[in-house]
Amino acid sequence: MSEEENKFTIDKINNCYRKFLHDKSRYLLLYGGAGSGKSHFAAQKFLRRMLDEQNHRLLLIRKVARTIRNSQFSLIKSLIYDYELENKFRFRESDLTITNSENNNVIISVGVDDREKLKSIHGITSIWIEEATELDRKDFTQIDLRLRNRTGNYKQIIMTYNPVDANHWLNTSHPKEAVIVKTTYKDNQHLDDSYIEVLNNLKDEDREYYDIYALGNWGVLRNIIYRPFEILTSHTTHYDEIIYGLDFGYNNPTALIKVKIKDACFYLEEIIYESRLTNTDLIERMNKLVKNKSDAIYCDPAEPDRIRELEEAGYNVHSANKSVRDGIDFLKSRKIFSRPENANINKEVLSYSYKADRNGNILDEPVKFNDHALDAVRYAIYTHCRNRKADLRIRRI
Ligand SMILES: Nc1ncnc2c1ncn2[C@@H]1O[C@H](COP(=O)(O)OP(=O)(O)OP(=O)(O)O)[C@@H](O)[C@H]1O
Ligand SMILES: [Mg+2]
């Protein structure tokens, strides 16, 4: 199909990536600052190949299979709709497959955590690994081996990631012949102003963060706040209580986290993590996702109007305790468990840091970036436990 027959024209691709649309190197590494359009371009390149080439079996990979649905899969699907190509494609949500009905090219998905499925996949013609820093070198070697068969088209592994840790193998021992493309938000002509402002503000928040997420340089975050939460693949099914934490956003994501409590341990479950939700959208989502309206929801105290609206919609909402430092210290002393599919909690916890001033002195405040899920977790656990203690004290009197 020619590029003119649909809305997927070359001008839809950010300038800096255009020359890589037909790049055939075996490894195409797209890294750099936040919001630079890496994922968008990887999705566009896959879609272009699905339309223009034949006999494709393209593979989407992330560390955790269950995080593919809301990232790579939904991105490619939304591009297909944006470009009005939906009549040409079939989507199978059950196993995250996209088929071009005209030429039978197919995109399939697998997580590195699904080792059996990964081993059984054959005939792959190219691969896109999203958030590739989640993978270790061994994972990558295994995947690389899967792409050894003969095909008519060029075989390529695209990897997209942020340069969060200078000691990562993607910096120190990536394949030598890789084509490496470094981009920053400045390369993305489609980024909204509010996000640019968030990235620019990092300059005054923390140099290291600014360096990594705005300038796209490999860095080392030194003032990480939490040790990563222990990850359990299955959580117990009986709980003493269920509570929620809610961080409001619009340009930033709104995060709703469910916290299940059992024997003074906390089990986290990501329910919503999505940008551009109005309060009406949020309530609509919550009506589907929050089973019991009487469970306590501890909300971002900065938005009393939104809290009131949730109350009017029948939710048991509370304004969360504001003291950040005490909340963090409390969480650090608790047993908190995450699970593999909590992609955003697990990602945020790896970079959530205290600010440092220009002389490198650690300040008492966290950097305000990639903190939405963790704020929600803190609102829930700290406020709930504090209120409980206060209750007990009152009853004793
Ligand atoms: N070619 C494009 N056309 C329209 N919107 C785009 C394009 N490229 C990027 N965007 C938008 O810019 C934003 C950032 O893009 P994207 O998520 O691809 O960046 P990224 O580099 O993968 O970011 P991160 O490092 O956070 O993963 C998204 O909202 C995306 O929809
Ligand atoms: Mg991305």
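None of the values given here were measured: they were computed from a predicted structure.

### Notes on the overall build of the protein chain
Check the secondary structure of the protein chain and you find 13 helices and 17 strands. Relative to the 2.2 N^0.38 estimate, which gives 21 Å for 397 residues, the radius of gyration of the protein chain is 22 Å and therefore close to what a compact globule would have. Along the longest, intermediate and shortest principal axes, the C-alpha atoms of the protein chain span 80 × 50 × 40 Å. Sorting the 397 residues of the protein chain into buried and exposed places 53% on the buried side. Considering only contacts within the protein chain whose residues lie at least 6 apart along the sequence, 69% involve residues at least 24 apart. Treating the 62 positive side-chain charges of the protein chain as one cloud and the 60 negative ones as another, the clouds have centres 5 Å apart.

### As for the site of ligand 1
Surveying the vicinity of ligand 1 reveals 15 residues, the closest of which are Lys-12, Lys-38, Ser-39, His-40 and Asn-162. One nitrogen or oxygen atom from the main chain of Gly-37 is found 3.0 Å from an oxygen atom belonging to ligand 1. Between ligand 1 and Asn-162, the relevant distance is 2.8 Å, taken from an oxygen atom to a side-chain nitrogen or oxygen of the residue. For ligand 1, whose free accessible area comes to 630 Å², the fraction covered by protein is 71%.

### Things to note about helix 3 (residues 69-82)
For the α-helix, the turn length of 3.6 residues means that residues three or four positions removed from each other point alike. Along helix 3, the sharpest change in direction is near 30° and occurs at Leu-75. The set of residues buried in helix 3 consists of Ser-71, Gln-72, Phe-73, Leu-75, Ile-76, Leu-79 and Ile-80. Among the structural elements, helix 2 (38-52), strand 2 (57-62), strand 3 (89-92), strand 4 (97-100), strand 5 (106-111) and strand 6 (126-130) are those in contact with the buried residues of helix 3. Glu-84 sits one or two positions beyond helix 3 and adopts a positive phi of about 55°.

### A word on the sheet that holds strand 14 (residues 316-319)
The seven strands are arranged 9-15-12-11-10-13-14 in an open sheet whose pairing can be described as mixed. The open sheet has two edge strands with one neighbour each: strand 9 (230-231) and strand 14. As paired elements, strand 13 (residues 296-299) and strand 14 share four bridges and run parallel to each other. Each bridged residue has a counterpart across the sheet, and for Cys-299 the counterpart in strand 14 is Ser-319. Sheet strands touched by helix 12 (residues 343-351): strand 9, strand 11 (254-262), strand 12 (265-274) and strand 15 (335-338). Its angle to strand 12, the strand with the most contacts, is close to 105°.

### Considering the side chain of Glu-130
Positionally, Glu-130 belongs in strand 6. Setting aside its immediate chain neighbours within four residues, Glu-130 contacts Ser-39, Ile-61, Arg-62, Gln-72 and Thr-160.

### Digging into the side chain of His-372
Relative to the helices and strands, His-372 is located in helix 13 (residues 372-396). Exposure remark for His-372: the relative accessible area of 9% places this residue in the buried category. Side chain to side chain, His-372 and Asp-371 meet in a polar contact 3.5 Å long.

### Section: helix 5 (residues 137-145)
Those residues of helix 5 not exposed but buried are Asp-139, Phe-140, Ile-143 and Asp-144. Along helix 5, the residues classed as buried sweep out an arc of 135° about the axis, all on the same side. Turned more than 90 degrees off the buried face of helix 5, the exposed positions are Lys-138 and Leu-145. Here the buried face of helix 5 lies against strand 1 (27-32), strand 2, helix 4 (115-120), strand 6, strand 7 (156-161) and helix 6 (169-172).

### Re the domain arrangement of the protein chain
Domain assignment breaks the protein chain into domain 1 (3-193) and domain 2 (230-396). Just the C-alpha atoms count here: the centres of domain 1 and domain 2 sit 32 Å apart. Contact with domain 2 buries area across many residues of domain 1, yet Arg-66, Thr-67 and Asp-192 alone supply 54% of it, more than any other trio. Note that Glu-341 is salt-bridged to Arg-66, the shortest N-O span being 2.8 Å. Our count for the contact surface shared by domain 1 and domain 2 stands at three residue pairs in polar contact (both at pLDDT 80 or more).

About the criteria used
- Residues numbered from 1 in each chain as written.
- Chains lettered and ligands numbered in written order.
- Predicted model: local features only at pLDDT ≥ 70, side-chain atom pairs only at ≥ 80, totals over all residues.
- Heavy atoms only, no water.
- Helix = DSSP H or I, 4+ residues; strand = E, 2+ residues; numbered from the N terminus.
- Rg over C-alpha atoms; globule rule 2.2 N^0.38 Å.
- Buried < 20%, exposed > 50% of the residue type's maximum accessible area, 1.4 Å probe, protein only.
- Contact = heavy atoms within 4.5 Å.
- Lys, Arg positive; Asp, Glu negative; His and termini not counted.
- Charge placed at Lys NZ, Arg CZ, Asp CG, Glu CD.
- Near = heavy atom within 4 Å.
- Polar contact = N/O pair within 3.5 Å; in protein donor to acceptor, adjacent residues only side chain to side chain.
- Areas by Shrake-Rupley, 256 points an atom, 1.4 Å probe, with all protein chains shown as cover.
- Bend = angle between axes of the 7 residues up to and from the residue.
- Pairing = 2+ DSSP bridges.
- Axes fitted to C-alpha atoms, helices over the stretch in contact; angles between N-to-C directions.
- Arc of directions from axis to C-beta.
- Domains from an automatic or database assignment.
- Buried area = accessible area lost by both parts, 1.4 Å probe.
- Salt bridge = Lys/Arg side-chain N within 4 Å of Asp/Glu carboxyl O.

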